[in-house]
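Below, each chain spelled out in residue letters.
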Amino acid sequence: QAVEECWYDDCSEDEDEDWRWANGCRQDYCTSMGDDCYASMDWGEPATCSNGYTPSPPNPTMDDPEYTCCPSATSCEYVAGQPFVLVAFEPDPATQAMLGLPDGEFS
């Protein structure tokens, strides 16, 4: 019986791997020591991410130290879970008031 080799792109049935990349999460944004997505405060290494992403789970344990980085309200790609849109013009006074921006404080 032949042993079937499993390459990264051909292993979609391995659902254990999916959580690392689901919902816009990215392991390439891990900034833990060695950028390896393995950290635990049990040994003094916090789970950290770049680009405004947040670690998931936020506090991995020594028994299960792997984490991934997921979009947050402050990440570049998402604001409050919605695609980020850059507004390149000053909004009218009514919109400024709705956004809570005082006069002349649009940026």
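Above this text sits the structure in question.
Residues numbered from 1 in each chain as written. Predicted model: local features only at pLDDT ≥ 70, side-chain atom pairs only at ≥ 80, totals over all residues. Heavy atoms only, no water.

Participant: Explain the overall build of the protein to me, using residue names and the numbers behind them.
Facilitator: On a plain count of helices and strands, the protein comes out with 2 helices and 4 strands. In sequence order, the protein lays out its α and β elements as α-β-β-β-β-α. Considering the protein as a whole, with its 107 residues, one finds that 23% of them fall into the buried category. Counted over contacts in the protein with a minimum sequence separation of 6, partners at least 24 positions apart contribute 31%. Summing over all exposed atoms, the protein offers an accessible surface of approximately 8,000 Å²; the carbon and sulfur share of this is 55%. (Helix = DSSP H or I, 4+ residues; strand = E, 2+ residues; numbered from the N terminus. Buried < 20%, exposed > 50% of the residue type's maximum accessible area, 1.4 Å probe, protein only. Contact = heavy atoms within 4.5 Å. Areas by Shrake-Rupley, 256 points an atom, 1.4 Å probe, with all protein chains shown as cover.)

Participant: Which residues make up the side chain of Q27, and what values do they have?
Facilitator: If you trace the backbone, Q27 turns up in the loop between α1 (15-18) and β1 (54-56). For Q27, a relative accessible area of 17% translates into the label buried. Setting aside anything within four residues of it in sequence, one finds Q27 in contact with R20, W21, C37, E66, Y67 and T68.

Participant: Lay out the environment of S56 in plain terms, naming residues and giving numbers.
Facilitator: Following the sequence through the fold, S56 ends up in strand β1. S56 gets classed as partly exposed once you look at its relative accessible area, which sits at 30%. Sequence separation of S56 and P71 is 15 residues, and the distance between their C-alpha atoms is 9.9 Å.

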